[in-house]
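If you want the building blocks of each chain, they are given just below.
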Amino acid sequence: MRFYILFLLAGLISFHGYTQSPKEDKAKLVVGIVVDQMRNDYIDRFWYRYGEDGFKRLVNQGYRFKNGHFNYVPTFTGPGHASVFTGTSPMNHGIIGNNWFDKTNGEFVYCAGDAEVTPVGTLDRAGKMSPHRMLVTTITDENRLATQMRGKTIGIALKDRGAILPAGHTANAAYWFHGKKEGKWITSSYYMDKLPNWVDAFNNSGKAQSYLRPWDTLYPIETYVESGSDLNEFEQGFKGKETATFPYDIDKLKAENDNYEILKAIAYGNDLTTDFAMAAIDGENLGKNSDTDILTLSYSSTDYVGHNFGVNSKEIQDTYLRLDKNIADLLNFLDERVGKDNYIVFLTADHAAVEVPAYLESVNIPAGYFDTKGFIEKAKDFVEEKYGDKNLIENISNDQVFFNYGLLDQMGIESKELQEKLAAFILSQDKIHRVYTRNQIVSGAYEKSMEALIKNGFNHKRSGDVAYIMEPSVISYPRQGSTHGSSYVYDTHVPMLFYGKGIKEGSTSRRSEIVDIAPTIATLLGISFPNATTGEPLFRMLED
Ligand SMILES: [Zn+2]
């Protein structure tokens, strides 16, 4: 009997050893951070203003790719988040815009919109979301498959698409923020039928409300010499305040700016996101089990602030100095909860942004504005004049023209002919730089330069029939604030920072691409690449 017990004990010990030891080398938690609209140069521009524990810790104790780029156009939030986590570009993952014209149904669709699911945590249609339009797996999906669904995935962002696409198809949960009169973190029936207790507790804690306080600069504004003057003609600002200048009385402004929605558009939105991420780490016990968990965390407020005030504004500078503190708090929290050498963090962006063209013009740099509405009319008039029916153009969106194939057939017009005629017409228009036809994109062996970006962003089924590129620093946008979406470096050049278990210290100026992130994380975890990966592991920073 005694021998039998000893034998059993020995068996248990060795069994235990067998199941545990191979995993001890793996990180217990991966935190994938996307900072919405973060330009690579924000790291350098504000470097001396950052503390030691935030961006600087990631850079000094981790690996920085200084020349990291998106490898496709259009550089928008939906495609950006999908590309970071799938290791491929819209040509494969199918998220070709935030919204796009869906040819099969002849209607406009939203990248995360899903009529089949119901909201959870709200009755508002803001909860009708899922990743169903994304055609491939994410690194988070692959981790779920590799751990027999034991390793958890939680996705968090103020923006639904920033939470949903990174978390993939198999996520335990994705949470996003519904502002308006509710000010709550919500989800959809795609993930669950009811919010977990920790989410309810957070929603009822008064945290969101606590951020409806005045927004002034973190440090004296006269020390913000890395950004433009606070009062200028290149910023939009908030309804209810005449100038786009500090300080902002958020509690007073909220009524005219859709109540809690205003939190998304100020620096405090990132504080709220960090608070919620920490609550999720505790509430879901992330990083506490033998299987790796993944938290995807996207900071959305940076994008709203950039759109509203422009990349050169005091508001942007303040938002990044505050975000630096959020990152520091999060890293310290991870040290405490998961343990210093037990996690991996990467930080990147979903796209960057352009300097406000009106500002560039004011300092004699070629820039400008493209009148998309006027352009659409002209293109339709052209087609009507040539063929007698303007409806041959079904839709123009995301800098692409979509044909009405049925009508083309009926009228006996070859698509190739219309592509070429229209391309020549579009190229003759003011502020247009290049034009590509579907036939060129599909058959061209484009590997480099703008042609490659067009090709990588072009999904053969979902994309249009003629694609155009505007001149550098020309945007279709109001004269105040920044935007993004182009193939130029000001939109493609983003931070790529890696920190933690298995990652060397160092940096490189060699080119790397966003699609390299997912296969790099897969290599670190020893799991499969997402199923349509086109990127490559960033071997420079991996320990052999
Ligand atoms: Zn944006």
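Cut-offs used in this document
Residues numbered from 1 in each chain as written. Predicted model: local features only at pLDDT ≥ 70, side-chain atom pairs only at ≥ 80, totals over all residues. Heavy atoms only, no water. Helix = DSSP H or I, 4+ residues; strand = E, 2+ residues; numbered from the N terminus. Buried < 20%, exposed > 50% of the residue type's maximum accessible area, 1.4 Å probe, protein only. Pairing = 2+ DSSP bridges. Axes fitted to C-alpha atoms, helices over the stretch in contact; angles between N-to-C directions. Contact = heavy atoms within 4.5 Å. Core = buried A, V, L, I, M, F, W, Y, C linked by side-chain atoms within 4.5 Å. Lys, Arg positive; Asp, Glu negative; His and termini not counted. Salt bridge = Lys/Arg side-chain N within 4 Å of Asp/Glu carboxyl O. Polar contact = N/O pair within 3.5 Å; in protein donor to acceptor, adjacent residues only side chain to side chain. Donors = N, O, S within 2.8 Å, 3.2 Å for Na, K, Ca; no water. Tetrahedral: all angles 85-135°; square planar, octahedral: opposite > 155°, others 65-115°. Expected span 1.5 Å × (residues − 1). Parallel < 35°, antiparallel > 145°, perpendicular 65-115°, else oblique. Nonpolar A, V, L, I, M, F, W, Y, C, P; charged D, E, K, R; others polar.

**Looking at unusual backbone geometry**
Of all residues except glycine, most have a negative phi; of all peptide bonds, most are trans.
Argument step 1. In this model, Val73 is joined to Pro74 through a cis peptide bond whose omega is 15°.
Argument step 2. Assignment of secondary structure puts Pro74 in the loop between strand 2 (63–69) and helix 4 (77–86).
Argument step 3. Omega for the peptide link from Phe246 to Pro247 comes to -5°, which places this bond in the cis form.
Argument step 4. Relative to the elements of secondary structure, Pro247 occurs in the loop between helix 9 (207–210) and helix 10 (250–253).
Argument step 5. Here Asp258, not a glycine, exhibits a phi torsion of approximately 65°, which is positive.
Argument step 6. On the secondary structure map, Asp258 appears in the loop between helix 10 and helix 11 (261–264).
Argument step 7. Under the relative-accessibility criterion, Asp258 is labelled partly exposed at 40%.

**Some remarks on the pairing of strand 15 (residues 466–470)**
Argument step 1. For strand 15, the buried fraction is high: five of the five residues fall into the buried class.
Argument step 2. Burial along strand 15 is two-sided: the face carrying Val466, Tyr468 and Met470 and the face carrying Ala467 and Ile469 are both buried.
Argument step 3. By the bridge criterion, two bridges tie strand 13 (residues 400–403) to strand 15 in an arrangement that is antiparallel. Residue Val401 lies in a different strand from strand 15, and its bridge partner there is Val466.

**Let's talk about the sheet that holds strand 12 (residues 393–397)**
Argument step 1. If you trace the four strands from one edge of the open sheet to the other, you get 12-13-15-14, paired in antiparallel fashion. One side of each edge strand has no neighbouring strand; the edge strands of this open sheet are strand 12 and strand 14 (432–437). In this sheet, adjacent strand axes meet at a mean angle of 20° when their direction is disregarded.
Argument step 2. Relative to strand 15, strand 14 is paired through five bridges, and the arrangement is antiparallel.

**Quick notes on the sheet that holds strand 2**
Argument step 1. The 10 strands are arranged 5-8-7-6-9-1-10-17-2-18 in an open sheet whose pairing can be described as mixed. Single-partner strands in this sheet number two, and they are strand 5 (119–120) and strand 18 (506–513).
Argument step 2. Alignment of strand 6 (residues 153–157) against strand 9 (residues 293–299), held across five bridges, turns out to be parallel. Of the residues in strand 9, the one forming a bridge with Gly155 is Thr296.
Argument step 3. In the packing of helix 14 (residues 314–337) onto the sheet, the strands contacted are strand 1 (29–35), strand 9 and strand 10 (343–349), and the crossing angle to strand 1 comes to about 175°.

**As for the environment of Asp335**
Argument step 1. Note that Asp335 resides in helix 14.
Argument step 2. Separated by 83 residues in sequence, Asp335 and Lys252 place their C-alpha atoms 38 Å apart.
Argument step 3. Excluding anything up to four places from it in sequence, Asp335 contacts Arg57, Lys340 and Tyr343.

**Details of the nonpolar core**
Argument step 1. Ranked by size, the top nonpolar core spans 123 residues in total, and within it Ile33, Tyr175, Trp185, Tyr320, Leu334 and Phe498 carry the most contacts.
Argument step 2. In terms of residue count, the dominant contributor to this core is helix 14 (nine residues).
Argument step 3. Ignoring sequence-local partners within four residues, the contact set of Phe498 consists of Leu58, Gly62, Tyr63, Phe65, Val345, Phe346, Ile503, Ile517, Thr520, Ile521, Leu538 and Met541.

**Notes on the pairing of strand 13**
Argument step 1. Along strand 13, one buried face is formed by Gln400 and Phe402 and the opposite face, lined by Val401 and Phe403, is buried too.
Argument step 2. In this sheet, strand 13 lies alongside strand 12 in antiparallel orientation, the contact comprising four bridges. Bridge pairing in strand 13 links Asn395 to Phe402.
Argument step 3. Between strand 12 and strand 13, which pair antiparallel in sequence order, lie two residues; one of them, Asn398, sits at a positive phi of approximately 50°.

**Focus on the side chain of Arg462**
Argument step 1. Considering the arrangement of structural elements, one finds Arg462 in the loop between helix 20 (449–456) and strand 15.
Argument step 2. Buried Arg462, no salt bridge; nearest opposite-charge side chain is Asp102, N-O distance 6.5 Å.
Argument step 3. Side-chain polar atoms of Arg462 contact the backbone oxygen of Gly94, separated by 2.7 Å.
Argument step 4. Setting aside its immediate chain neighbours within four residues, Arg462 contacts Gly94, Ile95, Ile96, Trp100, Phe101, Lys103, Arg133, Leu135 and Phe402.

**Comments concerning the coordination of the zinc ion**
Argument step 1. Taken together, the protein donors to the zinc ion comprise Asp303 (OD), Asp303 (OD), His307 (NE2) and His484 (NE2), at separations of 2.0 to 2.5 Å.
Argument step 2. Around the zinc ion sit four donor atoms, and with donor-metal-donor angles ranging over 55 to 156° the site reads as irregular.
Argument step 3. Of note, the donors binding the zinc ion are all from one chain and are spaced D-x3-H-x176-H. Of the two residues, Asp303 sits in helix 13 (residues 301–309) while His484 sits in the loop between strand 16 (474–475) and helix 21 (489–492), which places them 181 residues apart along the sequence.

**Overview of helix 14**
Argument step 1. Compared with the 34 Å implied by 1.5 Å per residue over 24 residues, the 35 Å span of helix 14 between its first and last C-alpha is a close match.
Argument step 2. By the criterion of burial, helix 14 is predominantly enclosed, with 18 of the 24 residues buried.
Argument step 3. Of the residues flanking the end of helix 14, it is Gly339, one or two places downstream, whose phi is positive at about 100°.

**Concerning helix 6 (residues 139–146)**
Argument step 1. Of all eight residues in helix 6, six are buried, a share of seventy percent or more.
Argument step 2. Turning to helix 6, its buried residues are Ile139, Thr140, Asp141, Glu142, Asn143 and Arg144.
Argument step 3. The first or second residue beyond helix 6 is Gln148, which carries a positive phi of 50°.

**Side note on the side chain of Ser486**
Argument step 1. Its place among the elements puts Ser486 in the loop between strand 16 and helix 21.
Argument step 2. Engagement of the side chain of Ser486 in a polar contact is seen with the side chain of Asp491, the distance being 2.7 Å.
Argument step 3. Ser486 has contacts with Val73, Thr75, Asp491 and Thr492, leaving out every residue within four places of it along the chain.

**Quick word on the packing of helix 12 (residues 268–283) against helix 14**
Argument step 1. At their nearest, the axes of helix 12 and helix 14 sit 9 Å apart, and the two run at 10° to each other. Of the possible angle classes, the one that applies to helix 12 and helix 14 is roughly parallel. Residues Tyr268, Asn270, Asp271, Thr274, Met278, Ile281 and Asp282 of helix 12 lie in contact with helix 14, whose contacting residues are Thr319, Arg322, Leu323, Asn326, Asp329, Leu330, Phe333, Leu334 and Arg337.
Argument step 2. Tallied by class, residues from the contact of helix 12 with helix 14 come to seven nonpolar, four polar and five charged.

Functional significance is not addressed by these values, which are geometric in nature.
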